[in-house]
Amino acid sequence: MSDRKALIAGNWKMYKTCAEAVDEAKALVDLVQPMDDREIMIAPTYTALAQVSEVLKGSPVALGAQNMFWENEGAFTGEISAPMLISAGCSHVIIGHSERRQYFGETDDTVNKKIVTAFNHDLIPVFCIGESEQERDLNQTFSILDKQVTKGLSNLSSKDLETLIIAYEPIWAIGTGKTATTEQAQEAHRFIRSLIDKAFGSELAQSMRILYGGSVKPDNIDELMAMPDVDGALVGGASLKADSFSNIIKYNR
Ligand code: PEP
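Treat the numbers as computed from the prediction; the structure is a model and nothing was measured.

Cut-offs and rules
Residues numbered from 1 in each chain as written. Predicted model: local features only at pLDDT ≥ 70, side-chain atom pairs only at ≥ 80, totals over all residues. Heavy atoms only, no water. Helix = DSSP H or I, 4+ residues; strand = E, 2+ residues; numbered from the N terminus. Rg over C-alpha atoms; globule rule 2.2 N^0.38 Å. Buried < 20%, exposed > 50% of the residue type's maximum accessible area, 1.4 Å probe, protein only. Contact = heavy atoms within 4.5 Å. Near = heavy atom within 4 Å. Polar contact = N/O pair within 3.5 Å; in protein donor to acceptor, adjacent residues only side chain to side chain. Areas by Shrake-Rupley, 256 points an atom, 1.4 Å probe, with all protein chains shown as cover. Nonpolar A, V, L, I, M, F, W, Y, C, P; charged D, E, K, R; others polar. Arc of directions from axis to C-beta. Pairing = 2+ DSSP bridges. Axes fitted to C-alpha atoms, helices over the stretch in contact; angles between N-to-C directions. Parallel < 35°, antiparallel > 145°, perpendicular 65-115°, else oblique. Left-handed = near helix turned anticlockwise from the far one by under 90°.

### Digging into the overall build of the chain
Then step 1. Across its full length, the chain carries 11 helices and eight strands.
Then step 2. Taking 2.2 N^0.38 as the reference for a compact globule, 253 residues should give roughly 18 Å; the C-alpha atoms of the chain span a radius of gyration of 17 Å, in line with that estimate.
Then step 3. Summarising its shape, the C-alpha atoms of the chain cover approximately 45 × 45 × 35 Å along the three principal directions.
Then step 4. Expressed as a percentage of the 253 residues in the chain, the buried residues total 53%.
Then step 5. Sequence separation of 24 or more characterises 72% of the internal contacts of the chain that already satisfy a separation of 6 or more.

The following block contains the structure:
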């Protein structure tokens with residue numbers, strides 16, 4: 001077992017109105033206690049952030065956003081900036097989720113600009129990477145992860161990256177009910193850690209948290225968390241209900 005503190009993060013995607021998000025956040029806060037060995041974060045939609053932030057005050061649950069733009073302000077209709085997220089109470093921001101890459105034209109370059117911006121504003125980025133089913137079938141998993149990490153983290157130093165969290169999310173496992181096997185997850189996580197080691201040194205590689213995402217549920221979290229290089233989970237569907245999410249948070253070590 002490593003001494004990296006686990007993070008269990010919930011991505012609420014485009015679900016829940018403000019009132020629904022507030023209710024679910026209240027239910028979650030009632031079900032979880034602070035724990036020495038793990039952290040908790042939820043990422044509701046933008047419109048619910050400020051209200052959910054009030055609910056989370058004094059609780060062990062941190063607040064994250066699902067995306068942001070890299071400029072601080074300006075004529076960028078429909079976008080939201082790091083200072084805006086901070087003013088709504090966010091400490092974390094998910095960057096480069098595969099749904100953003102797939103449906104909204106996010107590229108390794110835009111992901112990189114957003115990660116640089118997050119560090120400039122002391123927001124903790126949860127940087128998502130992962131291969132498609134076709135890429136896995138063609139044996140390209142490692143080369144895709146290498147490209148995403150190299151380009152996503154270009155122009156950054158090991159000092160900048162101290163707080164970075166990586167989420168390995170194989171696209172074929174997101175929302176499909178198909179979880180990677182523990183061996184597949186461990187193999188990818190170990191490889192990602194080796195990439196960080198090669199580019200930024202072993203100290204950072206050993207301290208960096210790498211989350212697994214893709215159909216994580218209360219009944220598969222224990223075995224995933226038993227893998228030496230899995231340091232937490234980014235959870236979509238199963239984070240939408242406080243019951244199931246709190247059961248994931250309370251996984252057994
Ligand atoms: C996600 O949205 O990051 C995710 C992993 O979704 P799900 O848990 O539903 O597969």
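Next, the rest of the story.
### Regarding unusual backbone geometry
Then step 1. Of note, Lys13 is a non-glycine position whose phi angle comes to about 45 degrees, a positive value.
Then step 2. Residue position: Lys13 is located in the loop between β1 (6-11) and α1 (18-31).
Then step 3. Even without being glycine, Asn139 reaches a positive phi, approximately 65 degrees.
Then step 4. We classify Asn139 as exposed; its relative accessible area is 74%.

### Here's the deal with the site of the ligand
Then step 1. Among the 14 residues in the neighbourhood of the ligand, the closest are listed as Lys13, Glu169, Gly175, Ser215 and Gly236.
Then step 2. Here an oxygen atom of the ligand and a side-chain polar atom of Glu169 are 2.7 Å apart.
Then step 3. In this structure, Ser215 approaches the ligand through a main-chain N or O atom, which is 2.8 Å from an oxygen atom.
Then step 4. Considered on its own, the ligand offers 300 Å² of accessible surface; in the complex 96% of this is hidden by protein.
Then step 5. Across the shell around the ligand, the residue classes tally to four nonpolar, eight polar and two charged.

### What to know about helix α2 (residues 49-56)
Then step 1. Residues of α2 that are buried include every one of Leu49, Val52, Ser53, Val55 and Leu56, and no others. Each buried residue of α2 sits inside an arc of 160 degrees when the element is viewed along its axis, so together they form one side.
Then step 2. Buried residues along α2 sit in contact with α1, β2 (38-43), β3 (61-65) and α3 (82-87).
Then step 3. One or two residues past the end of α2 sits Gly58, with phi positive at roughly 80 degrees.

### Quick look at the pairing of strand β5 (residues 124-129)
Then step 1. Summarising burial for β5: five of the six residues are buried, a large majority.
Then step 2. In this structure, strand β4 (residues 92-95) lies alongside β5, joined through four bridges in parallel fashion. When the bridges of β5 are listed, Ile94 appears paired with Val126.
Then step 3. As defined by bridge partners, β5 adjoins strand β6 (residues 165-168) across four bridges and the pair is classed as parallel. Counterpart to Phe127 in the pairing with β6 is Ile166.

### Re the sheet that holds β6
Then step 1. Pairing within the closed barrel is parallel, and its eight strands lie in the order β1-β2-β3-β4-β5-β6-β7-β8. Sheet twist, expressed as the average angle between the axes of neighbouring strands with direction ignored, equals 25 degrees.
Then step 2. Examined bridge by bridge, β2 and β3 share three bridges and lie parallel to one another. Bridge pairing in β3 links Ile40 to Val61.
Then step 3. On the sheet, helix α7 (residues 141-152) packs against β5 and β6 and is oriented at approximately 150 degrees with respect to β5.

### Examining the packing of α7 against helix α8 (residues 182-200)
Then step 1. For the pair α7 and α8, the least separation of the axes is 10 Å and the interaxial angle reads 40 degrees. Considering their axes alone, α7 and α8 lie oblique with respect to each other. As α7 runs across α8, the sense of the crossing is right-handed. Taking contact as the criterion, the partners of Phe142, Leu145, Asp146 and Val149 in α7 are, on α8, Glu187, Ala188, Phe191, Ile192, Leu195 and Ile196.

### A word on the side chain of Asn67
Then step 1. Positionally, Asn67 belongs in the loop between β3 and α3.
Then step 2. We classify Asn67 as buried; its relative accessible area is 5%.
Then step 3. A polar side-chain atom of Asn67 sits 2.9 Å from a polar atom in the side chain of Lys114.
Then step 4. Each residue touching Asn67, except ones within four places of it in the same chain, is listed here: Tyr46, Ile80, Leu85, Val93, Ile94, Arg100, Glu106 and Lys114.

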